[in-house]
Amino acid sequence: MPLDIKPNIKGVIFDLDGVIVDSAQFHYEAWKALACEWNYDLKRSDNEALKGVSRKDSVLKIATWAGVYPTTQELESIAARKNTLYLELCSKLTPHDILPGIENLINELKANTIKVALGSASKNARFVIEKLGLDTTFDVIVDGNDVIHSKPNPEVFIKAAKRMNIHAQNCCVIEDAPAGIQAALKAQMLAIGLGKTAELFQAHLILPNASHLTLSKIEQLYQQILT
Ligand code: B16
Ligand code: MG
């Protein structure tokens, strides 16, 4: 019998905020409340540029938009208070808040021995997935505590692939942020964007959410990209 050496997807890396749960909304609300201290009205469009970006880099971006030059101490204080607000909002999360299609997809992947990883820029990722009842779901978790560089740097996804023991080229990333799609492409992974085409146009496939995303769809897409 010939060996099956056909390249295929062996691992799927899920972003957290905006893919598994709508905590992007909580990040927005918390940053908006703090940006007021700099008399800056944080807009939803600003928030798009903060998705997938670390807390430290986010506060720097907001200061730039607000046209303020805070001390390091002030930046740290704003970031810490934003986090307290964010955690308060997240503390209300339950398994009902898992976004459509995510649990079905994870179950299908696992049933087909495809590894699943979490690849998030958030330092609160473990707290959030515990609230969602997903703390024992992932084979590998790489979050904001494990990386130096924020998305669009591919570090988070490359680390996740290494920890799964899978070549980057055999991984698929599911992301909601332009920075995350760019990171996946830099890592040479298949990139699936959940959200709006206008923002995620660089992805190999864009869907409004994970409701109709299946393993066979991912495999088909992977074979199309290879040919
Ligand atoms: P934290 P993801 C990212 O998570 C968020 O999209 C981004 O808005 C946030 O600033 C970043 O995590 C850091 O989060 O303040 O909780 O450490 O989308 O990569 O799962
Ligand atoms: Mg995200």
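Please read these numbers as outputs of a predicted model, since none were measured by experiment.

Some words on the overall build of the protein chain
A count of helical and extended segments in the protein chain gives ten helices and six strands. Rg of the C-alpha trace for the protein chain: 18 Å, near the compact-globule value of 17 Å for 227 residues, within the 12% margin. Once the C-alpha set of the protein chain is aligned to its principal axes, its extents read approximately 70 × 35 × 30 Å. Here the protein chain holds 227 residues, and the buried ones make up 50% of them. Residue pairs in contact within the protein chain that sit at least 24 positions apart in sequence constitute 62% of those at least 6 positions apart. Per element, the accessible surface of the protein chain, about 11,400 Å² overall, is 53% carbon and sulfur. Averaging the positions of the 24 positive and the 26 negative side-chain charges in the protein chain gives two centres separated by 3 Å.

Some words on the site of ligand 1
With respect to spatial proximity, 18 residues lie near ligand 1, and among them V53, S122, K123, N124 and K151 are the closest. Measuring from an oxygen atom of ligand 1, one finds a side-chain N or O atom of S122 at 2.6 Å. Within the contact set of ligand 1, an oxygen atom lies 2.7 Å away from a side-chain nitrogen or oxygen of N124. Here ligand 1 loses 98% of its free accessible area of 460 Å² to cover by the protein chains.

Observations concerning the coordination of the magnesium ion (ligand 2)
Listed as protein donors to the magnesium ion (ligand 2) are D15 (OD), D17 (O) and D176 (OD); their distances from the metal cover 2.0 to 2.1 Å. Written as a sequence motif, the donor residues of the magnesium ion (ligand 2) are D-x1-D-x158-D. Across the pair, exposure class does not vary: D15 and D17 are buried alike.

Some thoughts on helix 3 (residues 55-66)
Taking 1.5 Å per residue, twelve residues should reach 16 Å; helix 3 reaches 16 Å between its end C-alpha atoms and fits that length. Along helix 3, the positions that sit buried rather than exposed are S58, V59, I62, A63 and A66. All buried residues of helix 3 project into a common sector of 135° when viewed along the axis, lining one side. In this structure, helix 3 carries K56 and T64 as exposed residues pointing more than 90 degrees from its buried face. Positive backbone phi, approximately 70°, marks G67, located one or two places after helix 3.

Description of the sheet that holds strand 6 (residues 205-207)
Strands sit in the order 3-2-1-4-5-6 across an open sheet of six strands; the sheet is parallel. The strands lining the two open edges of the sheet, one partner per strand, are strand 3 (140-142) and strand 6. Pairwise comparison of adjacent strand axes, ignoring direction, gives a mean angle of 20° for this sheet. For strand 1 (residues 11-14) and strand 4 (residues 171-175), the ladder comprises four bridges, and the chain directions are parallel.

A short note on the layout of surface pockets
Volume-wise, the largest pocket comes out at about 720 Å³. In terms of lining, the largest pocket is formed by 38 residues, of which the most central are V53, S54, R55, K56 and A121. Of all the secondary structure elements, the ones that give two or more residues to the lining of the largest pocket are helix 1 (24-35), helix 3 and helix 4 (72-90). The class makeup of the residues in the lining of the largest pocket is 13 nonpolar, 13 polar and twelve charged. Estimates place the volume of the second largest pocket at around 330 Å³.

Calculation notes
- Residues numbered from 1 in each chain as written.
- Chains lettered and ligands numbered in written order.
- Predicted model: local features only at pLDDT ≥ 70, side-chain atom pairs only at ≥ 80, totals over all residues.
- Heavy atoms only, no water.
- Helix = DSSP H or I, 4+ residues; strand = E, 2+ residues; numbered from the N terminus.
- Rg over C-alpha atoms; globule rule 2.2 N^0.38 Å.
- Buried < 20%, exposed > 50% of the residue type's maximum accessible area, 1.4 Å probe, protein only.
- Contact = heavy atoms within 4.5 Å.
- Areas by Shrake-Rupley, 256 points an atom, 1.4 Å probe, with all protein chains shown as cover.
- Lys, Arg positive; Asp, Glu negative; His and termini not counted.
- Charge placed at Lys NZ, Arg CZ, Asp CG, Glu CD.
- Near = heavy atom within 4 Å.
- Polar contact = N/O pair within 3.5 Å; in protein donor to acceptor, adjacent residues only side chain to side chain.
- Donors = N, O, S within 2.8 Å, 3.2 Å for Na, K, Ca; no water.
- Expected span 1.5 Å × (residues − 1).
- Arc of directions from axis to C-beta.
- Pairing = 2+ DSSP bridges.
- Axes fitted to C-alpha atoms, helices over the stretch in contact; angles between N-to-C directions.
- 1 Å grid on protein atoms, 1.4 Å probe; cavity = no way out; pocket = protein on both sides within 12 Å on 5 of 7 lines; lining within 4 Å.
- Points joined across faces, edges and corners; volume = space filled by probe spheres on them.
- Nonpolar A, V, L, I, M, F, W, Y, C, P; charged D, E, K, R; others polar.

Limitation: the analysis is restricted to geometry and does not speak to function.
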